[in-house]
Amino acid sequence: MTALPPITVSTLDRDRLYALLEKHRGDEEVVDHLYDELDRAHYLAPDAMPDTVVQLNSRARFLHEDSGKTHELVLCLPTEVGAGEDRLSILSPVGAALLGLGVGDTIEWPSKGKTLHLTLIAVTPA
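Now for a description of the structure that goes with this document. Quick caveat: nothing in here was measured; it's all calculated off a predicted structure. (Residues numbered from 1 in each chain as written. Predicted model: local features only at pLDDT ≥ 70, side-chain atom pairs only at ≥ 80, totals over all residues. Heavy atoms only, no water.)

Describing the pattern of salt bridges
Logical step 1: All chains considered together, the criterion is met by seven salt bridges.
Logical step 2: Note that Asp-15 and Arg-14 form a salt bridge whose closest N and O atoms lie 3.0 Å from each other.
Logical step 3: You can call Arg-14 partly exposed: its relative accessible area is 23%.
Logical step 4: The residue Glu-72 makes a salt bridge to Arg-61 at a minimum N-O spacing of 3.7 Å. Here Arg-61 lies in strand 3 (residues 58-64) and Glu-72 lies in strand 4 (residues 69-76), a separation of 11 residues in the sequence.
Logical step 5: Relative accessible area serves as the criterion here: at 34%, Arg-61 is assigned to the partly exposed category.
Logical step 6: Three or more residues joined by partner-sharing salt bridges are found here, namely Arg-59, Arg-61, Glu-72, Asp-86 and Arg-87. (Salt bridge = Lys/Arg side-chain N within 4 Å of Asp/Glu carboxyl O. Buried < 20%, exposed > 50% of the residue type's maximum accessible area, 1.4 Å probe, protein only. Helix = DSSP H or I, 4+ residues; strand = E, 2+ residues; numbered from the N terminus.)

Here's the deal with the sheet that holds strand 5 (residues 87-89)
Logical step 1: Here we have five strands laid out as an open sheet, ordered 5-4-3-7-6, and mixed in their pairing. What marks the edges here is a single partner per strand, and that holds for strand 5 and strand 6 (106-111). Recorded for the sheet is a direction-independent mean angle of 45° between the axes of neighbouring strands.
Logical step 2: Judged from the seven bridges that link them, strand 3 and strand 7 (residues 114-125) form a sheet pairing that is antiparallel. Paired with Ala-60 across the two strands is Val-123, which belongs to strand 7. (Pairing = 2+ DSSP bridges. Axes fitted to C-alpha atoms, helices over the stretch in contact; angles between N-to-C directions.)

Some points on the packing of aromatic side chains
Logical step 1: As enumerated under the stated definition, the model contains one aromatic pair in all.
Logical step 2: Between Tyr-18 and Tyr-35 the ring centres are 6.0 Å apart and the planes differ by 35°, which places this aromatic pair in the tilted class. Of this pair, Tyr-18 sits in helix 1 (residues 11-23) while Tyr-35 sits in helix 2 (residues 28-40), placing them 17 residues apart in sequence.
Logical step 3: Across the ring face of Tyr-43, the terminal group of Arg-14 is positioned such that the distance to the ring centre comes to 5.0 Å. (Phe/Tyr/Trp six-rings, centres within 6.5 Å; stacked < 30°, edge-to-face > 60°. Lys NZ or Arg CZ within 6 Å of the ring centre and 35° of its normal.)

Geometric descriptors of this kind do not, in isolation, establish any biological role.
Written out as structure tokens, the structure reads:
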């Protein structure tokens, strides 16, 4: 696996995610990797976050390099997934991998014995 790209997370998202992870019972692999991401993240106040970084409730367009398909989804909390077909839970492997990435970043993310290869193409407000 290659080195992970640097990530930037808002302090608001950090607090929301730690609260979520403390209560979550489920896919421990994703939870463990998300804790690791939060440990290595650079944090900024919400109003200082660049528009080119994936945050909760932002729309991310990304290339899933393994399939060659491009997707455009809104990163959200698990309780918000039912709000539309274009929602992606932060507790999914792809959702956790996208958090904090900047446009142009590529990440290799372990998932169920495989490695996802994702490249962030664009970010827009949801």
